Amino acid sequence: MCPVRIQDLKPTPASVDKLRLFPVLDDDACINSLKQELPAYRAAAEDVGQVNPVAWWANHAEALPYWSAAARKVLLVQPSSAAAERVFSLLQQAYQHQQDAPPRGGLLGGLHQTAVQSSPWLSNATFKDSGITSMIPIL
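Here is a short report on the structure shown in this document.

Cut-off values and rules
Residues numbered from 1 in each chain as written. Predicted model: local features only at pLDDT ≥ 70, side-chain atom pairs only at ≥ 80, totals over all residues. Heavy atoms only, no water. Helix = DSSP H or I, 4+ residues; strand = E, 2+ residues; numbered from the N terminus. Buried < 20%, exposed > 50% of the residue type's maximum accessible area, 1.4 Å probe, protein only. Contact = heavy atoms within 4.5 Å. Areas by Shrake-Rupley, 256 points an atom, 1.4 Å probe, with all protein chains shown as cover. Core = buried A, V, L, I, M, F, W, Y, C linked by side-chain atoms within 4.5 Å.

Across its full length, the chain carries seven helices and zero strands. Reading the secondary structure of the chain in the N-to-C direction produces α-α-α-α-α-α-α. The buried share of the chain, reckoned over its 139 residues, is 22%. Within the chain, counting contacts between residues at least 6 apart in sequence, those at least 24 apart form 48% of the total. For the chain, the accessible area works out to roughly 9,900 Å², and carbon and sulfur atoms hold 58% of it.

What follows is the structure, given as structure tokens:
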């Protein structure tokens, strides 16, 4: 989405399909519009020096409406490590008691307790004393 890099990347209509990795762009009409507008985008970005991408897209929004809208959506995506931090938090909860004494029921018993405490929807599941062997939601 950077007009400076577009000439180096040399995108093709086939490579535009990779933009489907962004859920906001995973639409046939959107991808087809981007493919049709690709030659105009490459021409407009030719010989672009160092430029502020946001300002460049604002100046080219009328000439490249589909790519401009896609750039706005992609530039608004904020990177986050929240999902990874949640995993580490769950692992810490699962294993912090093992340092003092093994959990009752072995490793699976400790994971069962942590999972039930951490995820309310799991509290409706059925577990056997030997560990997590089946989950049957109660309707």
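Turning our attention to the nonpolar core. With 17 residues, the main nonpolar core has V16, L19, L34, Y41, W57 and W67 as its most contacted residues. Among the secondary structure elements, those contributing two or more residues to this core are α3 (28-44), α4 (53-59) and α5 (65-75). Counting residues per element, this core draws most heavily on α3, which supplies five residues. Those residues within four positions of L34 in sequence are excluded, and the remaining contacts are V16, L19, Y66, W67 and A70.

Looking now at the side chain of S68. The topology assignment puts S68 in helix α5. On the basis of relative accessible area, S68 is assigned to the buried category, the value being 2%. Dropping the residues within four chain positions of it, S68 is found in contact with W57 and A61.

Purely spatial values, then, with no claim about function.
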